[in-house]
Amino acid sequence: MTAEELRAQVAAFLAEHDPAKLSALDFLRARFDAGLAWVHFPEGLGGQGAPRALQAEVEAAFAEAGAPDNNPRRILIGLGMAAPTILAFGTEEQKKRYLRPLWTGEEVWCQLFSEPGAGSDLAALATRAVRDGDDWVVTGQKVWTSSAHLAQWAILVTRTDPDVPKHQGMTYFLCDMTAPGVEVRPLRQITGEAEFNEVFLTEVRIPDSQRLGAVGEGWKVAQTTLMNERVAIGGTAMPREGGMIGLVAKTWRERPELRTPELRDRLVQHWVEAESLRLAGERQRQQLAVGAPGPEGSAMKVAFAELNQQLSGLELELLGEEGLRYEDWTMRRPEQVDFFGRDAGYRYLRAKGNSIEGGTSEVLRNIISERVLGLPSEPRVDKDVAWKDLPR
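Figured I'd write up the structure that's included with this text. (Residues numbered from 1 in each chain as written. Predicted model: local features only at pLDDT ≥ 70, side-chain atom pairs only at ≥ 80, totals over all residues. Heavy atoms only, no water.)

Let's shift gears to the nonpolar core. Core analysis: the biggest nonpolar cluster contains 54 residues, and W38, W109, Y172 and M177 have the highest contact counts within it. A per-element tally of this core places helix α4 (residues 76–89) first, with 6 residues. If you look at the next biggest cluster of nonpolar residues, it comprises 19 residues, including L267, L314, L316 and L318. (Core = buried A, V, L, I, M, F, W, Y, C linked by side-chain atoms within 4.5 Å. Buried < 20%, exposed > 50% of the residue type's maximum accessible area, 1.4 Å probe, protein only. Helix = DSSP H or I, 4+ residues; strand = E, 2+ residues; numbered from the N terminus.)

So this is what it looks like as C-alpha cells:
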C-alpha cells in the first residue's frame, strides 16, 4: 500500500460520498466501513492493514476536500486509549461492537483508573469486582475522570483477587456508564470549570462479555492503555510554532512595548525547546509506524507538561497587568479542554494539571530511568505481598 494508492481510494470514496450531501455521521460511518478510518487497523475494523505512517496522507486528503472529521479532541480517550487496547486484547465480537461507534464519535469514552488511594500507584486500586454468574458486581470510587459526564462507555480496572500481590489481582472491563449504580459527580478545578469528575460505582453489574483480557491480567492490559495515553497527550503532531509557543511568540511580535531582554532570552530558550520537542515527536511517530508505543512516550509527556507550564507562565509575565485578568469563573462542564480559545489566565491555571494527568511527571521519570536508561529500580517492599495485607 502506497500513499498514492490511498489518495486514489480517498478520491474514489469522495466521488461516491459527497460530504455536502450527507450528514456528518453518515459520512463518517461510510468512511469507517471503507477502511479509511484507521488505515493501520485490520480490514473490517476501519482499516486496511496499511502502514501507520500513511494515516497522515488520508487525513490530509479528507481535509483538503472539506470533509467532516470525528472531532478527535472530544473523543481523545476513545481514540487514543480505548481503541488500541480493545484492538490488542478484545475478542472479535468486542472489536466489531465498539470500534465503529467509538471512531465516529457516537459513543464517547472515559477512563476509570485513578482512585483516591491509587493515583500514582495505580496497582493499589481498591475498586472490587466480584463474580456472580455471568456478571461481575463492581463497587468502588474512581477520580480525576475526564469526560465522565459525557461518556457512554468507560475503560475500567478493578480488583478481582485481594489474596495475591497487587499487580496480579486486577481485571479490566468495559463499563456502561449508563448502567444502574454509576454516579458521576463534578470536580471543580482551579480554572472554575469541572472537566474532571469523580465516579462512584455501587454494585454495578458488568457482564463477563465486557471483560477485556483474562481474569487477573488487568495490569497487563492497563499497560497498553497507559503507553498509548502518554503518546496521545505528549505526542500530538504540531507544525512549527504550534501550541503554546505560537501564542507567546505571536504576542511578542505584535506587542513590542511588552518586551524586555530577560523575557527575550527565556522566549528564545523555550522556542528552541519547543522545536526540539516537535522534532522528537515526529521521530516518535515514525517509530510508532513500525511498532507499538513504548516507554519513550513517557519522556515526551514529561517534556510537554513542563514546557507548557513554563510557556504559560512566560505569557502571563509578558502581559503584565493584563495577565491578571480572568474572563469567567462560571462553573461549566466543558466537552473538551480549549487552551487556544481562552485567555492567558486560563492557560496558566489549566497547564498546572499537565504534570498530573496521564501519569504524574514523578512516576514517568521513574519509568524513563528504569525502562529507557536501564537504571536500577527503586526498592519495592510490597512487590510480593498480598494486596489485602498492604497498609492503607
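Now that the structure has been shown, we can carry on.
Before going further, it helps to spend a moment on the side chain of N308. Tracing the backbone through its elements, the reader meets N308 in helix α9 (residues 296–319). Taking the relative accessible area as the measure of exposure, N308 reaches 9% and is therefore buried. Each residue touching N308, except ones within four places of it in the same chain, is listed here: M244, F339, A351 and N354. (Contact = heavy atoms within 4.5 Å.)

In this section: the layout of surface pockets. Empty space within the second largest pocket amounts to approximately 200 Å³. What lines the second largest pocket is simply S276, L277, A280, R283, Q284, Q287, E296, A299, M300 and A303. If you list the elements that add at least two residues to the lining of the second largest pocket, you get α8 (261–288) and α9. Examining the composition of the lining of the second largest pocket, we find that 6 residues originate from one element, α8, more than from any other. Its residues placed into classes, the lining of the second largest pocket shows 5 nonpolar, 3 polar and 2 charged. (1 Å grid on protein atoms, 1.4 Å probe; cavity = no way out; pocket = protein on both sides within 12 Å on 5 of 7 lines; lining within 4 Å. Points joined across faces, edges and corners; volume = space filled by probe spheres on them. Nonpolar A, V, L, I, M, F, W, Y, C, P; charged D, E, K, R; others polar.)

Honestly, it's all geometry; don't read function into it.
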